[in-house]
Amino acid sequence: MIIRRYLVKQVVSTSLVVIALLTLIMMGGRLIKYFGVAAQGRLDASILFSIVGYRLPEFLTLILPLGFFIGLMLVFGRLYVDHEMAVLNGSGVSRHQLARLLIPMTLVYMVCQSVLMLWMTPWGLREFEKLTTTQAVRTGFDLVRPREFISSGPYTIYAGSLSEDRKNLKDIFFYQRATKEDKPDVMILAKEATRVEMANDTANVVDLVQGRRYEIYPGQPKYTQAEFQSYRLRLENDKDVKFESSDVGALPTSKLLDKSNDPVIRSELGWRLFGPFTIIVALMMSVALSEVNPRQGRYYRLIPSIFIFASLIVLMIAIKTRISRGELDIWAYPAALLVYAIAAALFSRKQKLGPKIKKQIKRVKL
């Protein structure tokens, strides 16, 4: 149908521009933050764009519904301002019929949102966590700066001085926290250190000279001490370690289904299952809120409408927090969506319901 192709083309092009702009704004701020961390020497600058790429699906889960809604508002508003809606209505095509023509496109956006929330976002968070954790371990000595304590994963490193090629260090302090409760923490003091580059080995290897090695048992009044003339320290990059996230946002959806009795798990599971339905609510609300007088302009209701739709997303996030605390159940998600959908449906029919309600009020008064 010609009208459908015209509307789909307008909505898709407009919404994609809005989504791209919002993504640029949000990710730009995040990138500036990571550049600051890299400038402080706590992050390798070569992985900045990889980190941003892994975090992109997480931001798109919030940007996509809002961008789609703004795109619909702009297109419908232009139809009213340019009198195209009047022509369509005169031809027997109402705005509700136009909304029905956009249902297939809306379902495509909904599928994209589902893919982002169910698979892409958890995968991105896991890869982000793996990258930052591996980076912290692998670049422990790469981050060293003279006369500063640098924390990298379980390690804390200090060097009194550092050569220009970063291979020779002096006055070394090294502290490694134990990964298990029954294992001791390790502290090493050395006069000098030389980094050793080994072929086909990505681990950090350092030869320490004239120092002491301590094994400390936290909470216990005992330690062991050993002096050495030469000691080779090796920090593995743990590239083969499988990282399990403690953040439920990074857990695969299949694991959430297996542990659905936990309130925190239920809050995340409900967010992923019911979040995509905000796309359908966006279509309903845009039909209800986009009607403007040509003299008012297409942007007359845009800002208030954005706040109204954004309140739905904020409410969903608030519900997620309440469910994680055990104050609400997972069915609060569809209840909130249903309230906004009913309000949008009633508001879109105000022209028909208004006169009927006035007549009923007059009858009651008589």
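Residues numbered from 1 in each chain as written. Predicted model: local features only at pLDDT ≥ 70, side-chain atom pairs only at ≥ 80, totals over all residues. Heavy atoms only, no water.

What follows covers the overall build of the chain. The helix and strand inventory of the chain stands at 11 helices and 6 strands. Considering only contacts in the chain between residues 6 or more positions apart, those separated by 24 or more positions represent 62%. In the structure as shown, the chain presents an accessible area of about 20,700 Å², 60% of it carried by carbon and sulfur atoms. (Helix = DSSP H or I, 4+ residues; strand = E, 2+ residues; numbered from the N terminus. Contact = heavy atoms within 4.5 Å. Areas by Shrake-Rupley, 256 points an atom, 1.4 Å probe, with all protein chains shown as cover.)

Our next topic: helix α10 (residues 332–348). Helix length check: α10, at 17 residues, gives a terminal C-alpha distance of 24 Å against a target of 24 Å (1.5 Å per residue), a fit within 8%. Listed as buried for α10 are A332, Y333, A336, L337, Y340, A341, A344 and S348. (Expected span 1.5 Å × (residues − 1). Buried < 20%, exposed > 50% of the residue type's maximum accessible area, 1.4 Å probe, protein only.)

When strand β2 (residues 155–162) meets strand β3 (residues 168–176), the two strands line up antiparallel, connected through 7 bridges. Considered in β3, the bridge of S161 is made with K170. Once β2 ends, the chain turns through 5 residues before running back antiparallel as β3, passing R166 with a positive phi of about 65 degrees. Sheet topology note: the β3/strand β4 (residues 185–196) ladder contains 8 bridges and is antiparallel. Of the residues in β4, the one forming a bridge with Y175 is M187. (Pairing = 2+ DSSP bridges.)

Take the confidence of the model for the chain next. Per-chain confidence: the chain averages 82 in pLDDT, with 84% of residues scoring 70 or above. The model gives residues 238–246 a pLDDT under 50, and that stretch makes 11 contacts with residues more than four places away or in other chains. (pLDDT = per-residue confidence, 0-100.)

Moving on, we come to the nonpolar core. Counting 63 residues, the largest nonpolar core has F68, F76, L98, L102, M285, F309 and Y333 as the members making the most contacts within it. The element best represented in this core is helix α2 (residues 48–81), accounting for 17 residues. Leaving out residues up to four positions away in the same chain, F76 has contacts with M85, L98, L102, S286, V287 and S290. (Core = buried A, V, L, I, M, F, W, Y, C linked by side-chain atoms within 4.5 Å.)

Moving on, we get to the UniProt feature "transmembrane region" (unreviewed entry) in the chain. Mapped onto the present numbering, the UniProt feature "transmembrane region" (unreviewed entry) falls on residues 12–32, 59–81, 101–120, 269–290, 302–319 and 331–348. Annotated as residues 101–120, this span is 95% helix and 0% strand, and its ends, taken at the C-alpha atoms, are 29 Å apart. Within the segment residues 269–290, helix and strand shares are 82% and 0% respectively, and the terminal C-alpha atoms sit 33 Å apart. (UniProt positions renumbered as here; feature names shortened; annotations may be inferred.)

Here H83, not a glycine, exhibits a phi torsion of approximately 65 degrees, which is positive. Tracing the chain through its elements places H83 in the loop between α2 and α3 (84–90). Judged by relative accessible area, which is 46%, H83 ranks as partly exposed. Of note in the backbone geometry, R147 takes a positive phi value of approximately 60 degrees without being a glycine. Along the chain, R147 turns up in the loop between α5 (103–138) and β1 (150–152).

With that settled, consider the pattern of salt bridges. As enumerated under the stated definition, the model contains 11 salt bridges in all. In this structure, R232 and D207 form a salt bridge, with 2.7 Å as the shortest nitrogen-oxygen distance. One end of the pair, R232, is in strand β6 (residues 223–235); the other, D207, is in strand β5 (residues 204–216), and 25 residues separate them in sequence. R232 sits in the partly exposed class, given a relative accessible area of 48%. Of the charged contacts in the structure, one is a salt bridge between K320 and E268, with a shortest N-O distance of 2.9 Å. Pair noted here: K320 is in helix α9 (residues 302–324) and E268 is in helix α7 (residues 263–274), with a separation of 52 residues, a long-range link. The exposure class of K320 is partly exposed, given its relative accessible area of 25%. (Salt bridge = Lys/Arg side-chain N within 4 Å of Asp/Glu carboxyl O.)

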